[in-house]
Structures are given as C-alpha cells and as structure tokens.
Amino acid sequence: MATNGYECELKMIEELTTNAEQIQDEVLGEILSRNAGTEYLRGFLHGQTEKQLFKKNVPIVTYEDLKPYIDRIANGETSDILLAEPITGFFLSSGTSGGQPKLMPVTAEVGNKWDLFRRLYESPVIKHFDDINQAGKRLELMFARPEIETPSGLKAASVSTSIYSGSNFRTSLPKLYTSPVETIFCPDPNQGLYCQLLFGLIQRDEVVKVGSVFASTVLRGIKFLENHWQELCYDIKTGRLSDWITDSGCRNAASLVMKPNPEQADLIENICNCKSWEGIIRKLWPKARYICCICTGIMRQYTIELEFYCRGLPLVSDLYACSEAICGINLEPLRKPCDVSYTFLPNMAYFEFLPVKNERDGSIEMKSNNEDTELVDLVNVKAGQCYELIVTTCAGLYRYKVGDVLMVSGFYNNAPQFQFVERKNVILSVDQEKTSETDLFKAVTEAKALLDPLRLILTEYTSYVDTSSAPGHYVLFWEIKGKEGKHCKELDPKIMVECCSRMEESLHYTYKIYRKRNIIAALEIRVVKQGSFEALMDYYVSKGTSLSQYKKPSCIKSEEALKILDSRVIGKYFSPKSPL
C-alpha cells in the first residue's frame, strides 16, 4: 500500500517538473541575491543580481579555477570569500575517475537538499515495489572512511560517509538494514565486507533489497562471497566469528546476534556449493525484490555480469548525483540499465548546458572554453542533443563544469530527462585523435562478443596509452572468467588476437586513419589474472577512497595503479593488421 509520504513526494515531483522554468529562475535568483557580495562574484557582478548579467559576466570554470578560494577557506579564511552561508564542512570526491580528490563546500542547505532528494528518488521505487521499509530489511554494502580535518577545523568526508554519520541514518539503521553501524565504519574494508555479508546471510529471510551505491561494489561483494562462503558458513554453524576479524566494533556487534545455527549454515552451503553461480543472489536472498545500485555511465560495463548473478531480479539505478551537485532521479526504475534516463529536479541547483557536437561516426567533440558558445538553460535543451553539464549551486560553485556529458532523451512535463553518456576528461590519445569513454565502451562491447561462444565473461577492463616506444599504442587490461566456474579455461591466442582486431575495427574513423599511417601502433590486450581489479580497488581504497564511492577509472593515470595491473599480466595479444 502507498503511504501518505510516498504520495506526497510524487506530487512534489509533478509540481517541480511542471514549473521547472520558474523554479530554475527562483533558484538562481536566490543564489545571486545571497552571494553577489562575496569576493568571488563581486568581481564579475559588482553587487548586481540580474540573470543576464550573470550569464554575460560570470565565467565557466573548472575545479582548478575555484580551488584557490576553497583552499583559503580550508586553511582558515572565512567562507564569505566564496559564499555567504557558513560552510559546515566539505564533501570529498573519490578522485578515481579524474585524478586527485576534490573538496566541495557543504552548508546546512546542502544537507537539507540531500534529505529531500532521498525522499524524492525513493518514491518512484516505492510506487513500483511497494514500501520495502515495511516489508523487510536492506542488505546494502556500505563503507565509511575516516573524516579528514582541514587546517580550519572543518571536516571533509565523502558524500556517503556524511550520510552514514547522520543521526537520521543511524536511528533508522537497526530497523531497515542488516548491517550494524560498526561494520560500516570498520577501518578495514575487508573485515567490514565480511561482516556485512555475514549479517546479511544470517538475516537472509528478511532481506527484500540487495545493493550498494555502485554496481562495482555489489560485484565486489559477490566475488568476495565466492572466496569466503565456506568460512562464512562455518561461522554461522558454530556461532563464532572468524579469528581474523580483529576489529572490536565488528566483534562486539557479532556477539549480540550470533548463535550456532547448523541448519541455516547447511542450507547456505548447499546453495553456494554448486557448479554455476548463475542467479546466486536470488537463491541466497529469496525474498529480494530488486538490486539497487548505479548501473549507468562507467558502471554499465558491469551489468551483464551482475545480471548473471541476479538472474531475473530488476537492476534499479535510482539517482544521478555527484559531490558537486544533486541532479536527477529515475522515474521508471523497471527500465533496463541501458535505457535509464534521469529526470532533472529544478530545485536542486541552477543547471546550464554546453552543447557538444556529435560527429557522424558517433564520437563526441568538445567545444573549448574559448568558443563563443552560449549555454542553454534547463528547459531549453533539445531532445537527442548532447551537452556538458554546468552547475551553479548554493554551496559556492558558479557555472562549474562537472565534467559529465549527457544526452537529452525526452521530457517529463517541462523538465528534461538525460542519459549519461560519458565523463568528458576520460580519453585516450596517442597523437591528435581523441578516443572517448563511449568510443572505448563500444569497441570493448564489440570485441568481447567473441568470448560468448567460449562461455567466457569479460568481468573488468581499463586502458592506458603506452608511449614507451614510438609510435605509441592503446593498451587494454582485461580480466576474464568462465561462466560455469571461478577460473576461465586456457585462452585461445587466436581469439584474443581477433578481439584486438575487432576493437580496432570498432573504433572511430580518425583512429583507423592514424593506425593505417602507422602514427599509432597495434592495439594491445593484456589479460590479467583473477582478482587483479580487486587489487586495483584495494589500492585506491588504501589511498583514502571509500569502497562505497569507488569508481574504477576507464583510463589509468596513476603509475602505481599501472604497476599493480602490469605485475598481474598472464598474456599479451596484439592486433595483427590495420583496421579496414
């Protein structure tokens, strides 16, 4: 049955999307009236608050442009150099998709917007699946990282850690989630993951939803379970936690609920001890109604493997947001991940869009900052057109380039709906050619189809440009497994060479021209052993990234990360000829 709250939120969505243009103007007006006197905006607006003056005078910026102001605040200067409202802390971006972590100012209003956003993005899910809060518990893999204290005394934490630290979340945790708070804040992600899976298995008959923030984290949990299910069953059977779990918080939480349950352990053991793990999530948690995690953008590469494990359960990508801004919600949660669109909420920020040119071959050309291209308002975007997202927020970001490229898929009332296309700054380039994240995804998708007849799955991939010799060439790291078991058969070199050729044939026209002219050398696939991408994730987590927030880079920039993968290579294959 629908609750009054759920109906209220859906009604609010209708009002917001119907009055999108008016609300956008009100949001910008409020931001400018409050902040026009700050040091940053005063230099462009001279105390004025008119929309047209804002569009004419305030420049489009990146993080590097605002970083000096943010650093000054983090080092102790008052926040009114950038925004009038006091800063309560900072969101810390993951840093895995584009380089170093960024500090994003947080205010009380930002916190209120996130609280409202959660109610709004959950309401379409409740409409389709009923209120799971009343039906059972959520097995969500959640990982907090320690806060960082800046010289000013203000704390910096990931968005997810900030949410987990909130009193509302902690109050609701025992009733709604299988994981005790101690497992979420465990400083060792592997101990925390083990215990969260343990508690999820103990309460398997109550679980109605399985998920995490990102699809990659859900898969990390399943792969971890593949390696530890016997140990988990032993703990459930004996009622004692494994000795290697040394975290006192986890051990205390376990002592409150664990008791010997041989019958439950035998049942789980019979499920896990099978030839194929196809549909394992449904088997282990039979009352689960859906899997909730972001499966769009960079996460779309995980959908095939995730569908294998959850066979038949819907994959729900319910929101689109980032450390910089809250953006949109998925009004149709039953859509397949490849078809998901996010409806933008006009009350969350002021949105503008920089048109992006689509080339005939499907690649995308970015317009430079110097081009005299007028930004398009939220309600004036065109269906089928691609844009780079620009946000102005209540927290001191003014005409800020988020770095995401989106395509307008339609409108809901007067608010546009967008599909995520790619991160703008993730590209491969040996010479003058530019290969985007989307180009790479399409080429990998074409090539990995050659593995299907062999019952093999490409579970992970990433890339980099090797310029250690001339000419340089593209390198793809692939991790492959068999559908029926954990380890793949011995790879057929002919098939892998054909995968290289298929990738090159699928890349854009410019790449193929440069390849024929020997400006770019043969594309290379390096197959890495099982667990290599888990080791890569562990590396980024050790550097401060939350496991909940981790997004595997499509293109490796870090020398250390590159060494991790290179040290695990078990086969190298090259394209034998230039693409036609």
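Residue numbers run consecutively from 1 along every chain, following the written order of its sequence. In view of the model being predicted, local features appear only for residues whose pLDDT reaches at least 70, and side-chain atom pairs are presented and counted only at 80 or more, with totals across whole chains, interfaces and linings using the full set of residues. Excluding hydrogens and water, the side-chain values take into account all heavy atoms of the structure.

By the naming in an unreviewed UniProt entry, the protein chain goes by Indole-3-acetic acid-amido synthetase GH3.17-like and is assigned to Gossypium darwinii. Turning to the protein chain, the UniProt record has this under Sequence similarities (unreviewed entry): "Belongs to the IAA-amido conjugating enzyme family." UniProt positions are given in the numbering used here, feature names are shortened, and annotations may be inferred rather than shown by experiment.

1. Some words on the overall build of the protein chain
Only runs of H or I of at least four residues qualify as helices and only runs of E of at least two qualify as strands under DSSP, and these elements are numbered from the N terminus. When you go through the protein chain residue by residue, the secondary structure sums to 21 helices and 23 strands. At 24 Å, the protein chain has a C-alpha radius of gyration in line with the 25 Å of a compact globule built from 580 residues. Projected onto its principal axes, the C-alpha positions of the protein chain cover 70 × 65 × 45 Å. The contacts in the protein chain between residues at least 6 apart in sequence include a share of 69% that link residues at least 24 apart. Positive residues here are Lys and Arg, negative ones are Asp and Glu, while His and the chain termini are left out of the count. We put the charge of a Lys on NZ, of an Arg on CZ, of an Asp on CG and of a Glu on CD. Counting 68 positive and 75 negative side-chain charges, the protein chain places the averaged centre of each group 4 Å from the other. Radius of gyration: C-alpha atoms only; globule rule: 2.2 Å multiplied by the number of residues to the exponent 0.38. The contact criterion used is simple: two residues touch if any of their non-hydrogen atoms lie within 4.5 Å.

2. Thoughts on the side chain of D247
Relative to the helices and strands, D247 resides in the loop between α12 (215–238) and α13 (248–257). One buried charged residue, D247, forms no salt bridge at all, with the nearest opposite charge on R251 at 9.1 Å. Setting aside residues up to four positions removed in sequence, D247 forms contacts with E182, C186, P187 and Q191. To sort residues, take the accessible area from a 1.4 Å probe on protein chains only and compare it with the maximum for the residue type: under 20% means buried, over 50% means exposed, and anything in between is partly exposed. Salt bridges are defined by distance alone: a side-chain nitrogen of Lys or Arg within 4 Å of a carboxyl oxygen of Asp or Glu.

3. Structural notes on the environment of E263
Relative to the elements of secondary structure, E263 occurs in helix α14 (residues 262–272). Placed 27 residues apart in sequence, E263 and I236 show a C-alpha to C-alpha distance of 9.2 Å.

4. Thoughts on the pairing of strand β7 (residues 290–294)
A large share of β7 lies buried, amounting to five of its five residues. Because side chains alternate across β7, one face comprises the buried residues Y290, C292 and I294, and the other comprises I291 and C293, equally buried. The pairing of strand β6 (residues 207–214) with β7 spans four bridges and is classified as parallel. Its bridge partner being in β7, F214 is matched across the sheet by I294. We call two strands paired when DSSP finds no fewer than two bridges between them. In this structure, β7 lies alongside strand β8 (residues 315–316), joined through two bridges in parallel fashion. Bridge pairing links C292 to V316 in β8. We call a crossover right-handed when, viewed with the strands running away from us, the connection from the first strand over the helix to the second turns clockwise. Between β7 and its parallel partner β8, the chain crosses via helix α16 (residues 303–310), and the hand of that crossover is right-handed.

5. Section: the packing of α12 against helix α20 (residues 532–542)
What counts as an axis is a line fitted to C-alpha atoms, over the stretch in contact for a helix, and the angles between N-to-C directions run from 0 to 180 degrees. It is at 12 Å that the axes of α12 and α20 come closest, and there the two elements cross at 120°. As the angle between them shows, α12 and α20 are arranged oblique. Between α12 and α20 the crossing geometry is left-handed. Only E534, M537 and D538 of α20 make contact with α12, whose side of the interface consists of S216, R220 and K223. By residue class, the composition of the contact of α12 with α20 is one nonpolar, one polar and four charged. Angular relationships are summarised with four words: roughly parallel below 35 degrees, roughly antiparallel beyond 145, roughly perpendicular across 65 to 115, and oblique for the angles in between. Helix crossings are classified by the rotation of the near helix relative to the far one: an anticlockwise turn of less than a right angle makes the crossing left-handed, while a clockwise turn makes it right-handed. Any residue outside Ala, Val, Leu, Ile, Met, Phe, Trp, Tyr, Cys, Pro, Asp, Glu, Lys and Arg is labelled polar, Gly included; the first ten of those are nonpolar and the last four are charged.

6. Notes on unusual backbone geometry
Note that the residue after A470, namely P471, is joined by a cis bond; omega there is -5°. If you trace the backbone, P471 turns up in the loop between β20 (456–466) and β21 (473–482). With a phi angle near 55°, N413 is a residue other than glycine that sits in the positive phi range. Within the secondary structure layout, N413 lies in the loop between β16 (400–412) and β17 (415–423). Exposure remark for N413: the relative accessible area of 37% places this residue in the partly exposed category. Of note, N518 is a non-glycine position whose phi angle comes to about 65°, a positive value. Inspection of the secondary structure puts N518 in the loop between α19 (509–516) and β22 (524–528).

7. Description of empty space enclosed by the protein
Cavities and pockets are defined on a 1 Å grid built over the protein atoms alone: a cavity is a set of grid points where a 1.4 Å probe fits but cannot escape, while a pocket is an open set with protein on both sides within 12 Å along at least five of seven lines, and lining residues are those with an atom within 4 Å of any such point. Grid points are joined across faces, edges and corners, and a volume is the space filled by probe spheres set on the points. Counted under the stated rule, the structure contains 10 cavities of 30 Å³ or more. As for the largest cavity, its lining consists of 16 residues, of which V110, E324, A325, I326 and T393 are closest to the centre. Taken together, the elements giving at least two residues each to the lining of the largest cavity come down to β2 (103–106) and α6 (108–129). Ranked by residue count, the leading element in the lining of the largest cavity is α6, at three residues. Its residues placed into classes, the lining of the largest cavity shows 12 nonpolar, two polar and two charged. Within this model, the second largest cavity holds a volume of roughly 70 Å³. Lining the second largest cavity, in full, are L139, L141, L197, V210, G211, V218, G221, I222 and W285.

8. Some details on the sheet that holds β6
The strand order β3-β6-β7-β8 describes an open sheet built from four strands, whose pairing is parallel. Among the strands making up the open sheet, the edge pair consists of β3 (137–140) and β8.

9. Some thoughts on α6
Expected helix span is taken as 1.5 Å per residue step, with the number of steps being one fewer than the number of residues. Over its 22 residues, α6 extends 32 Å from the first C-alpha to the last, a length consistent with the 32 Å expected when each residue adds 1.5 Å. A residue's bend is the angle separating two fitted axes: one through the seven residues that end there, the other through the seven that start there. A maximum bend of about 30° is found in α6 at S123, where proline P124 lies one to four positions downstream. D130 sits one or two positions beyond α6 and adopts a positive phi of about 65°.

10. Notes on the domain arrangement of the protein chain
Throughout the structure description, domain borders are defined by an automatic or database domain assignment. Here the protein chain is described as being made up of domain 1 (1–136 + 143–176 + 287–360 + 375–424) and domain 2 (437–574). When each unit is reduced to the centre of its C-alpha atoms, the spacing between domain 1 and domain 2 is 31 Å. Contact with domain 1, which involves 25 residues of that partner, is made by 23 residues of domain 2. Using a 1.4 Å probe, buried area is obtained as the accessible area two parts lose upon being combined, added over both of them. Summing both sides of the interface, domain 1 and domain 2 together bury roughly 2,200 Å²; the carbon and sulfur share of this comes to 51%. The interface formed by domain 1 and domain 2 holds zero salt bridges in total. Elements represented by at least two residues in the side of domain 1 that touches domain 2 include exactly α8 (159–165), α16 and β17. For the side of domain 1 that touches domain 2, the per-class residue count stands at 12 nonpolar, eight polar and five charged.

11. Side note on the pattern of salt bridges
Per the counting criterion, the structure on display carries 31 salt bridges. Taking the shortest distance from any N to any O, the salt bridge between E305 and K223 comes out at 3.8 Å. With E305 in helix α16 and K223 in helix α12, this pair connects stretches of sequence that are 82 residues apart. Relative accessible area serves as the criterion here: at 11%, K223 is assigned to the buried category. Residues K237 and D266 are paired through a salt bridge, measuring 3.3 Å at the closest nitrogen-oxygen approach.

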